[in-house]
Amino acid sequence: MPKPIRTILVATAAMVLSATVGVTPATADAARRPATTPQGLAALPAVQPVIPCTDVLGLRISNVTLQSATIVTANTPAPYCEVRGTITPNNTIVVRMPVSGWTQRYVQTGCGGLCGNANINYGQAADCPIIADGTVASATTDMGHQGQNDGSWAAGNPQAQIDFAYRGVHETAVAAKALIRAFYKHGPVYSYFTGCSDGGREALMEAQRYPDDFDGIAAGAPASNMAVQNTFHHAWNVLANKGANGSYILLAGKLPLIHTAVLRACDKLDGLTDGLIDDPRLCRFSPDTLRCATGQDPTTCLSPAEAAVVRKLHDGATDAQGNRLEPAIAHEWGSELEWTLFIPAAQGQPVASEMFALSYLRYLADPNRPNPGYQLTDLQFTVSSFWKTVLPSSTYMAALDPDLSRFQRSGGKLILWHGWNDQHISPQNTLVYWDTVNKAMGERTVDRFARLYLFPGMAHCGGGEGPSTFDVLTPVTAWVESGAQPGKIAASQSTGGTITRTRPVYPYPTVARYDGTGNVDDAASFVPYTPRDTVRNDANWVGQRLFSSNYQTWPRVVNGRLVL
């Protein structure tokens, strides 16, 4: 394995130096630390391939059928050998290996939704120097199926469900590293994973189930609570906005009105009126303040029914007794312009939340009994229905185990990140998970290997009203390779290709505060501020015990059925 080999080589070099020149223990410690680049990355020597790209097809990689190996030169900073193949039984993989100057690093990327497409997407890691200069080897997978996001690929295909849940990503790491080792006659010294949305879930699944696969992991907006997210959360997005006649109550034309009112009430809470709320949990906005007065133009206010819908969408799914069927706050105040994911512009228009919910409810909630005719109105918002719906799939689809001790002991580093305005996945899921990890492992231990970043105004995995372009891979890489603990991350916002605003984002719970003198659109005008009293996240909901250890199962396929 790369880690033990790396440790032996470095230690041996230090012992030789100590024996020949008689250095002190302090200088010996310095000698053990590898030289680093200005970004804090290890200055690793470049390695060249030992075989031509076309010869890769002649390699024998366990469990892998290789299908193509071609050199790609277009739209890339440096040429690479692209290898495509299939991991038994049906995991498509794509591996890219630089044809010169490989810096001995491997980066695996995740995918989103229900996957089904092997497309390397570096996402928020695109500006990382090793990605930008094309010196890393990388790979991705479609996670065991080539189906659509409607979930129908899962019907009668239990192995594809296992591969999508966790196996496909792990097997891709094993296969890609074997290919890299054969191509360069040298395995990766450091391995990293980066992904957002389902890619964030994949990232946490790796840290929990396969803690030795990667040295560093960047997990963005993780769909870690998938069974709840893709059933009660998205179904509530739709049904909470339906009247008795089945028509939508609130339409998208009212969203700017609501958003303006929220900013008027809460934008200034952080001391700066800039269109961003740096911690929406402090906002105490009431939709009832927008209720129409007698004779008021209805386009400038909300009806009682519309105001009630806004409150329901913010608060999240409950049963008739008020028991929460998802973590508190489904959509943070300030994110209203992103609600077009589930609020249509006109009656009769489909919304994405309905598709997300039906895909899971029809084909994945009950792995052995697909139900293509299932409708959202079939879902009962009760406690008993909750457990019937989210189990057993949570036991292998969810990535909520807070015990990351094996990952931590292996030397792994983790950066979690989420946008406060995320319209798909509530940042509350990540906050509750973060709190549970700290409780399970202890804050001091967690601080040695993990960080959480929350980006004001950022929507799902990017976009939104706040700065949402940043490099998340370099901080975790530098942490792994030189021990440089992550501090502020610079995020930027652009219009027409021109950067219009930059902001620093600090490890949670520290936030950025305006210094009172500089340009409000310049990151240099902000300083770190850690609140004296951190907001306590409300973890009181029906599925709270899902955020625990020892709930995960390793299902098998027996006679065409998924067996836990």
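Worth saying up front: this structure is predicted, and the values here are computed from it rather than measured.

J.: Can you help me understand the overall build of the protein chain in this one?
T.: The number of helices and strands found in the protein chain is 15 helices and 15 strands. In terms of C-alpha radius of gyration, the protein chain reaches 25 Å, essentially the compact-globule figure of 24 Å for 564 residues. Oriented by its inertia axes, the alpha-carbon framework of the protein chain measures out at about 90 × 65 × 45 Å. Every one of the 564 residues in the protein chain was classed for burial, and the buried ones make up 56%. Considering only intrachain contacts with a sequence separation of at least 6, the fraction spanning at least 24 residues in the protein chain is 70%. Here the protein chain displays about 22,800 Å² of accessible surface, and carbon together with sulfur accounts for 53% of that area. Computed over 43 positive and 46 negative side-chain charges, the inter-centroid distance for the protein chain is 6 Å.

J.: Could you clarify how one ought to interpret the nonpolar core in this entry?
T.: Inside soluble globular proteins, nonpolar side chains tend to come together where they are buried. Val56, Val83, Met97, Phe386 and Leu414 are the most contacted members of the largest nonpolar core, which has 121 residues in total. Residue contributions to this core peak at 13 residues, all from helix H4 (residues 158-184). Not counting chain neighbours up to four residues away, the residues in contact with valine 83 comprise Val56, Leu66, Ser68, Ala69, Ile93, Val94, Val95, Met97 and Leu179. Counting residues in hydrophobic clusters, the runner-up holds 32 residues, among them Val107, Ala118, Cys196 and Phe470.

J.: What exactly am I supposed to notice about the packing of helix H6 (residues 226-239) against helix H10 (residues 383-390) here?
T.: Think of two packed helices as two axes; the pair is described by the angle between the axes and how far apart they sit. Two elements in contact, H6 and H10, have axes whose closest approach is 10 Å; the angle formed by their N-to-C orientations is 130°. Relative to H10, H6 is oriented oblique. Here the hand of the crossing between H6 and H10 comes out right-handed. Residues Ala227, Val228, Thr231 and Phe232 of H6 pack against Ser385, Phe386, Thr389 and Val390 of H10. Looking at the contact of H6 with H10, its residues break down into 5 nonpolar, 3 polar and no charged.

J.: When you look at the packing of H4 against helix H5 (residues 198-209) in this model, what are you seeing that I'm missing?
T.: Their axes nearest at 10 Å, the elements H4 and H5 cross at an angle of 70°. Classified by the angle their axes make, H4 and H5 are roughly perpendicular. Like other packed secondary-structure pairs, H4 and H5 cross with a definite hand, here right-handed. Two secondary-structure elements touch here, H4 through Phe164, Ala165, Tyr166, Val169 and His170 and H5 through Asp198, Arg201, Glu202, Met205, Glu206 and Arg209. When its residues are assigned to classes, the contact of H4 with H5 shows 5 nonpolar, 1 polar and 5 charged.

J.: Honestly, the state of the cysteines in this entry has me stumped. Any pointers?
T.: A covalent bond between the sulfur atoms of two cysteines is what we call a disulfide. A complete count under the given rule lists 5 disulfides for this structure. There is a disulfide in this structure between cysteine 196 and cysteine 461, and the S-S distance comes to 2.0 Å. Negative torsions about the S-S bond denote left-handed disulfides, and the value of about -95° found for cysteine 196 with cysteine 461 makes this one left-handed. Of the two residues, cysteine 196 is situated in strand S6 (residues 190-196) and cysteine 461 in the loop between strand S9 (450-455) and helix H15 (473-482); the sequence distance between them amounts to 265 residues. Here cysteine 128 is not disulfide-linked; the sulfur of cysteine 196 is the nearest cysteine sulfur, at 16 Å.

J.: Help me understand the environment of glutamate 306, please; the structure alone is not making it clear to me.
T.: Here glutamate 306 is to be found in helix H8 (residues 304-315). Residues glutamate 306 and aspartate 403 lie 97 residues apart in sequence; the distance between their C-alpha atoms is 42 Å.

J.: Would you mind going over the packing of aromatic side chains with me for this structure?
T.: Centre distance and the angle of the planes are the two values used to describe a pair of aromatic rings. Applying the stated criterion to the full structure yields 20 aromatic pairs. Aromatic rings pair up to connect Phe232, Trp236, Phe381, Phe386, Trp387, Trp541 and Phe547 into one cluster. We note arginine 545 situated over the ring of tryptophan 387; from NZ or CZ to the ring centre the distance is 4.1 Å.

J.: What is the right way to read the side chain of glutamate 206 from this model?
T.: Along the chain, glutamate 206 turns up in helix H5. Ignoring any residue separated from it by four or fewer positions in sequence, one finds glutamate 206 in contact with Val169, His170, Pro211, Asp213, Phe214 and Ile217.

J.: Would you explain the pattern of salt bridges in this entry?
T.: Here the structure, examined in full by the defined rule, presents 14 salt bridges. For the salt bridge of arginine 84 with glutamate 82, the shortest nitrogen-to-oxygen distance reads 3.2 Å. Arginine 84 sits in the partly exposed class, given a relative accessible area of 33%. Measuring nitrogen to oxygen at the nearest pair gives 2.6 Å for the salt bridge that ties aspartate 538 to arginine 324. Taken together, the residues aspartate 538 in the loop between strand S13 (526-529) and strand S14 (556-558) and arginine 324 in the loop between H8 and helix H9 (352-363) connect sequence positions 214 residues apart. Residue class for arginine 324 comes out partly exposed when judged on its relative accessible area of 28%. Because the salt bridges share partners, they merge into one network encompassing Glu82, Arg84 and Arg96.

Reading the values: rules and limits
- Residues numbered from 1 in each chain as written.
- Predicted model: local features only at pLDDT ≥ 70, side-chain atom pairs only at ≥ 80, totals over all residues.
- Heavy atoms only, no water.
- Helix = DSSP H or I, 4+ residues; strand = E, 2+ residues; numbered from the N terminus.
- Rg over C-alpha atoms; globule rule 2.2 N^0.38 Å.
- Buried < 20%, exposed > 50% of the residue type's maximum accessible area, 1.4 Å probe, protein only.
- Contact = heavy atoms within 4.5 Å.
- Areas by Shrake-Rupley, 256 points an atom, 1.4 Å probe, with all protein chains shown as cover.
- Lys, Arg positive; Asp, Glu negative; His and termini not counted.
- Charge placed at Lys NZ, Arg CZ, Asp CG, Glu CD.
- Core = buried A, V, L, I, M, F, W, Y, C linked by side-chain atoms within 4.5 Å.
- Axes fitted to C-alpha atoms, helices over the stretch in contact; angles between N-to-C directions.
- Parallel < 35°, antiparallel > 145°, perpendicular 65-115°, else oblique.
- Left-handed = near helix turned anticlockwise from the far one by under 90°.
- Nonpolar A, V, L, I, M, F, W, Y, C, P; charged D, E, K, R; others polar.
- Disulfide = S-S within 2.5 Å.
- Phe/Tyr/Trp six-rings, centres within 6.5 Å; stacked < 30°, edge-to-face > 60°.
- Lys NZ or Arg CZ within 6 Å of the ring centre and 35° of its normal.
- Salt bridge = Lys/Arg side-chain N within 4 Å of Asp/Glu carboxyl O.

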